[in-house]
Amino acid sequence: MNKERLIPLIVAAALFMENMDSTVIATSLPAIAADIGTSPLTLKLAITSYLLSLAIFIPASGWTADRFGARTVFSTAIAVFMIGSIGCALSSSVTHFVIARTLQGLGGAMMTPVGRLVLLRSIDKSALVNAMAWVTVPALVGPVVGPPLGGFITTYFSWHWIFLINIPVGVLGIVLAQRYIDPIRSDNPERFDLYGMVLAGIGVGGIAFGLSVAGLNLLPWTVVIALIGVGSISMTLYVVHARRTDTPVLDLTLLRLPTFRASIYGGFLFRLGVGALPFLLPLLMQVGFGLSPFRSGLVTFSSAVGAMGMKTLAARIIRAFGFRNIMTVNAVVSSAFLAACALFTVTTPLLLIMIILVVGGFFRSLQFTAINALAYADVEPERMSRATTLASVNQQLAISAGVALGAFSVEATMMFHHNTELAAADFGPGFLVVSLLSAASTYYFFRMPADAGHQVSGRRMVVISDPTRESEAEEEAARETVTARDQKLS
């Protein structure tokens, strides 16, 4: 297998392990809580420690990879994640579980951005779209595979195996990474921005954690607002600090690049919908339609089928039409399929629901592949580590905001309907809200240059002629012709 296929698969396997693990626990909470002697509500708070750890340590990932080498950090991150997984399986109290999940979050914080950095430094830009197609799949498949897999393992085996199945995947990932990934590192690592790391860690952690628990009735609203408020203040202070330092831990000057800016701003809006979908859809199927967790998981898995079907076609589609055309149109198409979920009722045939989810999964996966590849189209090699760090922070905040927005929409609809318990009719507005925000991302994609990302897509660069320059060139040519004629006559 060539490097263009093997390295994306190595990175994708690690990211799949992380994405699946963060969602597979959801259906197993009651069993875990009963076994370690606590309540599911308390255990939910313990699980959010993973998200907090993830958000805090992501800003340091770029510098760490430059300092110690992307291959070394990536392999170490997998090992740390595995140790955290073993710790979760052996936990006998909430305290042990919190520590183990925090350790997993530390490993996950390095795996995602450094995994992308490994990809960017190992794969030529001309093959980047194909590579990103493989890496995009875990982010879409993990959240939909996790819940039914967690329910199956807990029902027929033991919840401990939820964490132990990571071990063989992790060992294989480390062995392959050490064998096939080049030991690339920065020759002149920058000075570590410790003050910026503290501000960014508090800011990203406070906002992401606050948004993750908002609307889930896990913490009082005063605490949630305080978390988001402290995070916002800290991020504001970081922005001021970043303007005064040459080596910021989150390089906001990258937003001056049109392609990176479109990927960050447009990608944030588009990811709101995808962040809300794994939260809203299983609830609709189980609470609204009364399906069992396992049957619900089989239905929602159909969106993963569409995502996997896209990976072989993404590069051809983007090469044929270009990033701007595809992303502008596809943002609307993907959002339309997301909005279609608002029309699902108890009487809607499950086959029709699955068809809509399959097709919607295809277009969402195409959009994510384009967003992820476009982000690095114009980034210089020496700034790649900064770019992957900033992109990962943006992705984490977008997914957290999507869950919060979906939960808030459902709660607001319940209040409007004067319902005390969730009903199928309470989910429609939530799907519509997140789909409209996802569709709004087309504004940023449409504003890109017509040939945006041409060196990545393989599409020929568009040359726009300037009538003024053309006329000047014609006049100059005419003058040269007259001069040559005069010289010949003389």
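Rules used in this analysis
Residues numbered from 1 in each chain as written. Predicted model: local features only at pLDDT ≥ 70, side-chain atom pairs only at ≥ 80, totals over all residues. Heavy atoms only, no water. Helix = DSSP H or I, 4+ residues; strand = E, 2+ residues; numbered from the N terminus. Contact = heavy atoms within 4.5 Å. Areas by Shrake-Rupley, 256 points an atom, 1.4 Å probe, with all protein chains shown as cover. Buried < 20%, exposed > 50% of the residue type's maximum accessible area, 1.4 Å probe, protein only. Expected span 1.5 Å × (residues − 1). Bend = angle between axes of the 7 residues up to and from the residue. Patch = residues over 30% accessible without salt bridge, like charges linked within 9 Å, V, L, I, M, F, W, Y side chains within 5 Å. Salt bridge = Lys/Arg side-chain N within 4 Å of Asp/Glu carboxyl O. Phe/Tyr/Trp six-rings, centres within 6.5 Å; stacked < 30°, edge-to-face > 60°. Lys NZ or Arg CZ within 6 Å of the ring centre and 35° of its normal. pLDDT = per-residue confidence, 0-100. Axes fitted to C-alpha atoms, helices over the stretch in contact; angles between N-to-C directions. Parallel < 35°, antiparallel > 145°, perpendicular 65-115°, else oblique. Left-handed = near helix turned anticlockwise from the far one by under 90°. Nonpolar A, V, L, I, M, F, W, Y, C, P; charged D, E, K, R; others polar. Core = buried A, V, L, I, M, F, W, Y, C linked by side-chain atoms within 4.5 Å.

**Q** Please explain the overall build of the chain as it appears in this structure.
**A** Counting its regular elements, the chain contains 22 helices and zero strands. For the chain, the proportion of contacts with a sequence separation of at least 24, taken over those separated by at least 6, is 84%. About 21,600 Å² of surface is accessible on the chain, with carbon and sulfur atoms providing 66% of the total.

**Q** What should I look at first to understand the side chain of Arg-116 in this one?
**A** Relative to the helices and strands, Arg-116 resides in helix H6 (residues 94-122). By relative accessible area, Arg-116 is classed as buried at 7%. Residue contacts for Arg-116: discarding those within four places in its chain leaves Val-11, Arg-271, Asn-372, Tyr-376, Thr-388, Ala-391, Ser-392 and Gln-395.

**Q** Looking at this structure, I do not really get helix H16 (residues 323-339). What am I missing?
**A** Because an α-helix completes one turn every 3.6 residues, residues spaced three or four positions apart along the sequence face the same direction. Compared with the 24 Å implied by 1.5 Å per residue over 17 residues, the 24 Å span of H16 between its first and last C-alpha is a close match. The largest bend in H16 is about 30 degrees, located at Asn-330. Within the sequence span of H16, burial applies to Phe-323, Ile-326, Met-327, Thr-328, Asn-330, Ala-331, Ser-334, Ser-335, Leu-338 and Ala-339.

**Q** In this structure, what is going on with a nonpolar patch on the surface? I would like to understand it.
**A** A grouping of Phe-152, Tyr-156, Phe-157, Trp-161, Phe-294 and Leu-298 is seen on the molecular surface, where their side chains present a nonpolar patch of about 710 Å² in accessible area. Elements represented by at least two residues in the nonpolar patch include exactly helix H7 (128-156) and helix H13 (293-300). With respect to the element layout, Phe-294 can be found in helix H13.

**Q** Even after reading the chapter, I still don't get the packing of aromatic side chains, so can you show me in this structure?
**A** Given two aromatic rings, one states the distance between the centres and the angle between the planes to describe the pair. Summed over all chains, the structure comprises nine aromatic pairs. Pairing Phe-337 with Phe-363 gives two aromatic rings, centres 5.8 Å apart and planes at 20 degrees, and the pair type is stacked. Of this pair, Phe-337 sits in helix H16 while Phe-363 sits in helix H17 (residues 350-374); the two residues are 26 residues apart in sequence, bridging distant segments of the chain. Within the aromatic cluster, the residues linked to one another by ring pairs are Trp-63, Phe-68 and Phe-192. The ring of Phe-68 has Arg-67 sitting right over it, with the charged end atom 5.1 Å from the ring centre. The side chain of Arg-324 reaches across the aromatic face of Phe-446, ending 5.7 Å from its centre.

**Q** Is there a simple way to think about the pattern of salt bridges in this case?
**A** Opposite charge on two side chains makes pairing possible when the charged atoms of those side chains draw close. Using the criterion set out here, one finds four salt bridges in the structure. Salt-bridge contacts for Arg-121 lead to Asp-66; the nearest nitrogen and oxygen are separated by 2.8 Å. Of the two residues, Arg-121 sits in helix H6 while Asp-66 sits in helix H4 (residues 61-68), which places them 55 residues apart along the sequence. With a shortest N-O distance of 2.7 Å, Asp-251 and Arg-386 are connected by a salt bridge.

**Q** Looking at this structure, how should I read the confidence of the model for the chain?
**A** Close reading of the predicted structure is inappropriate where its pLDDT is low. Averaged over every residue, the pLDDT of the chain is 81; the share at 70 or more is 87%. Under a pLDDT of 50 for its full length, residues 463-467 has, in the predicted model, one contact with residues more than four places off or in other chains.

**Q** Looking at this structure, I do not really get helix H18 (residues 384-417). What am I missing?
**A** With 34 residues, H18 should cover 50 Å at 1.5 Å per step; its first-to-last C-alpha distance of 49 Å lies within 8% of that length. Most of H18 is tucked away, with 26 of its 34 residues classed as buried. Looking one or two residues past H18, His-418 carries a phi angle of roughly 60 degrees, positive in sign.

**Q** What's the story with the environment of Tyr-444 in this structure? I'm lost.
**A** By the element assignment, Tyr-444 lies in helix H20 (residues 442-446). Remark: the alpha-carbon pair of Tyr-444 and Ser-263, spanning 181 residues in sequence, is separated by 8.2 Å. Those residues in contact with Tyr-444, other than ones at most four positions away along the chain, are Ala-262, Tyr-265, Gly-266 and Leu-269.

**Q** I tried to follow the packing of H18 against helix H19 (residues 428-440) on my own but got confused; where do I start?
**A** Between two packed helices, the angle of one axis relative to the other and the distance separating the axes together describe the packing. Viewed as axis vectors pointing N to C, H18 and H19 meet at an angle of 140 degrees, and their least axial separation amounts to 8 Å. With respect to each other, H18 and H19 are oriented oblique. At the point where H18 passes H19, the crossing takes the right-handed sense. On H19, the residues that touch Leu-405, Ser-409 and Thr-413 of H18 are Pro-429, Gly-430, Val-433, Val-434 and Leu-437.

**Q** Is there a simple way to think about the packing of helix H15 (residues 314-321) against H17 in this case?
**A** Relative orientation of the contacting elements H15 and H17 amounts to 65 degrees, with a least axis distance of 10 Å. Comparing the axis directions of H15 and H17 gives the class roughly perpendicular. Where H15 crosses over H17, the handedness of that crossing is right-handed. Where H15 approaches H17, its residues Ala-314, Ile-317 and Ile-318 are matched on the opposing element by Phe-362, Leu-366, Thr-369 and Ala-370. Partitioned by chemical class, the residues of the contact of H15 with H17 number six nonpolar, one polar and no charged.

**Q** What am I meant to see in the nonpolar core here?
**A** Nonpolar side chains in soluble globular proteins generally cluster together in the buried interior. Formed by 95 residues in total, the largest nonpolar core has its most connected members in Phe-74, Phe-260, Phe-323, Met-327 and Tyr-376. Counting residues per element, this core draws most heavily on helix H10 (residues 194-213), which supplies nine residues. Counting residues in each nonpolar core, the second largest holds 21 residues, with Met-285, Ile-353, Met-414 and Val-434 among its members.

**Q** Explain the environment of Phe-163 here, please?
**A** Inspection of the secondary structure puts Phe-163 in helix H8 (residues 160-164). Separated by 73 residues in the primary sequence, Phe-163 and Leu-90 place their C-alpha atoms 9.6 Å from one another.

**Q** What is the right way to read the environment of Ile-356 from this model?
**A** Examined against the element boundaries, Ile-356 turns out to sit in helix H17. Given the relative accessible area of 18%, Ile-356 is considered buried. The spacing of Ile-356 and Gly-306 is 50 residues in sequence and 9.7 Å in space, taken between C-alpha atoms. Residues in contact with Ile-356, not counting those within four places in the same chain, are Phe-337, Ala-340 and Phe-344.

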